[in-house]
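A closer look at the structure
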Amino acid sequence: MENPSPLWKVVLVASIAAGVQFGWALQLSLLTPYVQLLGVPHMWSSFIWLCGPISGMFVQPIVGYTSDRLKTKFGRRKPFIAAGTALICMAVLLIGYAVDFGYAIGDNLDRKTKPRAVALFVLGFWILDIANNMVQDPSRAFLADLSKHDQRRMRLGNALFSFFMAVGNISGYAAGSYSKLYEFLPFTKTPACEMYCANLKTCFFIDITFILVVVILALLTVSEPVPEDNLNHEDPFMEQVKTAFRSFGKPMWILFLVTALNWIAWFPFLMYNTDWVGVEVYGGSVDGNVEQRNLYDMGVRAGSLGLMLTAGALGLMSLAIDPLSKLLGGSRIVWGIVNFVLSACLGSTVWVTRKAENARSSMPPYSPPTRDVKAATFALFAATGIPQAVTFSIPFALASMFSSETGSGHGLSLAVINLAIVIPQMFVALISGPLDAAFGGGNLPAFVLGAISSALSGIFALTMLPSPSSKA
């Protein structure tokens, strides 16, 4: 076995995650409230999130398969990372300027729903999800290539990837929580685009600069290892996908199941966390009077600050994953334990909501939450960073290790395991809006579903998932 590449190369490639995650943080914290401001009801806003899983079901396997076999003077992974970065820049500009473009081609600003802006937003959102897949999966495969089948280096590479995701999250959430950021770029505020929209534009301009810096630095300074020529280049794409599934064996299928349950737990919270703070915790409404809208905006900004705390905990936990895995006897043990932490966090949203409602009942109308309600909310957000670090790291490290044991390509194997992410995302996007509407229109029913799913994921990780060296 060849020696793995130097650590500085792994760090530079892993840092690409910071650029991608900066934009993803903006998606998670600002875009669900933003699309409701465009006139899309809460019940239907979840369907917009179908863009990611639908594109991912097709894009991820194709990108993984092709990047395992591509032969260019630039390498196998780099062309996809570069093209995906260019698409990210284009997509965020389209999203940021959707209101302006919609107004220019006929939207009426006095009407609640702005159909042209919504159409442009959805198009940009779709392109952004495709682009994220084009960058993120080849970057993880690049890290696996640099490890040269060294399992500890694979674990470390994915932990660093998770750490830089935290860096991107902190930066994105910090930018999203500052209400006057647009003042640094005053041209972003227009007759069609008020303060919230202008802030989003400004955040996206920062995102473009950030991702271009980290991607250009990594691609210019890190050379790709010479690929192992042990892949069958003659088999057609779908045959390769079938072969990948057949070669998984029991460990990979259990990993697929645990990952899927884990992401059924995550997606409701990822889609609606800032909306939950704005509506249930702060008592605001995107469709209410001026005071209710102000409370909602305050809640969304508080949610962005909470997500920054999540990202801080994520970064610290990312650095602790490798030593914890050694201490507790394996990464699957760590994953199983933190899934119960996630279940407790999601279940606690019910308690925090009831606490906020009780506090509001004894306060003047349109008052923000009490200090202890805010503290409980922020503590909950911070705690979710612990399982998030593991979710962003261990499943991908295990997939790389299992693919090394079977001899399948890292790119395709990681893409196939990503189906365990996109299928749950489709499931959650389809049911969360109607489920919440059936129980009165809040976010809690989907969060409770997530708590149950996370507990099941923890049970299966501890009792069924083998270690990579296991033949079971």
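Report follows, based on the coordinates. Predicted model only: the values in this text are computed from it and were never measured.

**Here's the deal with the overall build of the protein chain**
Across its full length, the protein chain carries 17 helices and zero strands. Here the protein chain holds 472 residues, and 59% of them are scored as buried. Taking the intrachain contacts of the protein chain between residues at least 6 apart in sequence as the baseline, contacts between residues at least 24 apart amount to 83%. Per element, the accessible surface of the protein chain, about 18000 Å² overall, is 68% carbon and sulfur.

**Here we look at a nonpolar patch on the surface**
Where nonpolar side chains cluster on the molecular surface, the patch consists of Leu327, Leu328, Ile337, Phe340, Val448, Ile452, Leu456, Ile459 and Leu462 and spans about 750 Å² of accessible area. Among the secondary structure elements, those contributing two or more residues to the nonpolar patch are helix H12 (290–328), helix H13 (331–361) and helix H17 (444–463). Per-element accounting of the nonpolar patch gives the leading share, five residues, to H17. You can see Leu456 is positioned in helix H17.

**Describing the environment of Asn443**
Mapped onto the elements, Asn443 comes out in the loop between helix H16 (410–438) and H17. Taking C-alpha positions, Asn443 is 8.1 Å from Asp275, a pair spaced 168 residues apart along the chain.

**Side note on the packing of helix H8 (residues 151–177) against H12**
In the contact formed by H8 and H12, the axes pass within 8 Å of each other and the chain directions differ by 165 degrees. Between H8 and H12, the crossing angle belongs to the class labelled roughly antiparallel. For the crossing formed where H8 meets H12, the hand is left-handed. Residue classes in the contact of H8 with H12 are distributed as 12 nonpolar, eight polar and five charged.

**A few points about the packing of aromatic side chains**
This model, assessed by the stated rule, comprises 13 aromatic pairs. Ring centres of Trp276 and Phe447 lie 6.1 Å apart, and the angle between their planes is 75 degrees; this geometry places the pair in the edge-to-face category. Within this pair, whereas Trp276 is found in helix H11 (residues 249–281), its partner Phe447 is found in helix H17, the two being separated by 171 residues in sequence. Just as Trp276 is buried, Phe447 falls in that class too. An aromatic cluster of three or more residues is present, and its members are Tyr97, Phe101, Phe187 and Phe205. Against the face of Phe396 rests Arg140, its NZ or CZ located 3.6 Å from the ring centre.

**Some details on unusual backbone geometry**
Even without glycine at this site, Tyr366 takes up a positive phi of about 65 degrees. Topologically, Tyr366 is positioned in the loop between H13 and helix H14 (371–391). According to the relative accessible area criterion, Tyr366 is partly exposed, its value standing at 43%.

**Focus on the state of the cysteines**
Enumeration according to the criterion identifies one disulfide in this entry. A disulfide bridge connects Cys193 with Cys197, and the sulfur atoms are separated by 2.0 Å. The S-S bond linking Cys193 to Cys197 shows a torsion near -105 degrees; that makes this disulfide left-handed. Here Cys193 and Cys197 have matching classes, each one buried.

**Re the pattern of salt bridges**
A full pass over the atoms with the stated rule returns seven salt bridges. A salt bridge links Lys201 to Asp100; the shortest N-O distance between them is 2.6 Å. Of the two residues, Lys201 sits in helix H9 (residues 195–221) while Asp100 sits in helix H6 (residues 98–104), which places them 101 residues apart along the sequence. In this pair, the class of Lys201 matches that of Asp100, namely buried. Within this structure, Arg76, Arg77 and Asp145 form a network of salt bridges that share partners.

**Points about H12**
Between the first and last C-alpha of H12 there are 52 Å, a value that for 39 residues agrees with the 57 Å anticipated at 1.5 Å per step. In H12, a bend of some 45 degrees at Ile321 exceeds every other bend along the element, and Pro323, a proline, comes one to four places later. N-capping of H12 is provided by Asn289, with a side-chain oxygen placed 3.2 Å from the backbone N of Glu291.

**Points about the environment of Ile417**
Here Ile417 is to be found in helix H16. Of the residues examined, Ile417 reaches a relative accessible area of 3% and is grouped as buried. A sequence separation of 22 residues divides Ile417 from Pro395, and the C-alpha atoms of the two residues are 8.5 Å apart. In this view, Ile417 contacts Met252, Leu255, Phe256 and Ala399; residues no more than four positions away in its chain are not counted.

**Remarks on H17**
Given a rise of 1.5 Å per residue, 20 residues ought to cover 28 Å, and the 29 Å separating the end C-alpha atoms of H17 matches this to within 8%. Those residues of H17 that fall on the buried side of the exposure criterion are Leu444, Pro445, Ala446, Phe447, Gly450, Ala451, Ser453, Ser454, Ser457, Gly458 and Ala461.

Cut-off values and rules
Position labels on residues start from 1 in each chain and follow its written sequence. Given that this is a predicted model, residues contribute local features only at a pLDDT of at least 70 and side-chain atom pairs are listed and counted only at 80 or more, while totals for whole chains, interfaces and linings are drawn from all residues. In computing side-chain properties, one takes all heavy atoms of the structure into account and sets aside hydrogens as well as water. Only DSSP runs of H or I reaching four residues or more are called helices, and only runs of E reaching two or more are called strands; each is numbered from the N terminus. The cut-offs for exposure are 20% and 50% of the maximum accessible area for each residue type, with area from a 1.4 Å probe on protein chains only; residues under the lower value are buried, those over the upper are exposed, and the others partly exposed. Here, two residues are considered to be in contact whenever any of their heavy atoms come within 4.5 Å of each other. In short, Shrake-Rupley with a 1.4 Å probe defines the accessible areas, and a residue's cover is counted only from the protein chains shown. The residues that make up patches have over 30% relative accessible area and no salt bridge, and they are joined within 9 Å when like-charged or within 5 Å when they are Val, Leu, Ile, Met, Phe, Trp or Tyr. Salt bridges are counted wherever a side-chain nitrogen of Lys or Arg sits within 4 Å of a carboxyl oxygen of Asp or Glu. Only the stretch in contact is used when a helix axis is fitted, and all axes are lines through C-alpha atoms; the angle between N-to-C directions ranges over 0 to 180 degrees. Orientation is classified from the angle alone, with under 35 degrees giving roughly parallel, over 145 giving roughly antiparallel, 65 to 115 giving roughly perpendicular, and any other angle giving oblique. Two helices that cross are described as forming a left-handed crossing if the nearer one is turned anticlockwise from the farther one by less than a right angle, and a right-handed crossing if clockwise. The classification used treats Ala, Val, Leu, Ile, Met, Phe, Trp, Tyr, Cys and Pro as nonpolar, Asp, Glu, Lys and Arg as charged, and all other residues, Gly among them, as polar. By convention, a stacked pair of Phe, Tyr or Trp rings (six-membered ring in the case of Trp) has centres within 6.5 Å and planes under 30 degrees apart, an edge-to-face pair has planes over 60 apart, and any other such pair is tilted. In this scheme, Lys NZ or Arg CZ marks a charge over a ring once it lies within 6 Å of the ring centre and within 35 degrees of the ring normal. Any two cysteine sulfur atoms within 2.5 Å of one another count as a disulfide. What a helix should span is 1.5 Å times the count of its residues minus one. What is called the bend at a residue is the angle between a pair of axes, fitted to the seven residues leading up to and ending at it and to the seven starting from it. Between N or O atoms, a polar contact is any pair within 3.5 Å; within protein, one atom must be a potential hydrogen donor and the other a potential acceptor, and residues adjacent in sequence are included only when both atoms are from side chains.

These values are about where atoms sit, not about what they do.
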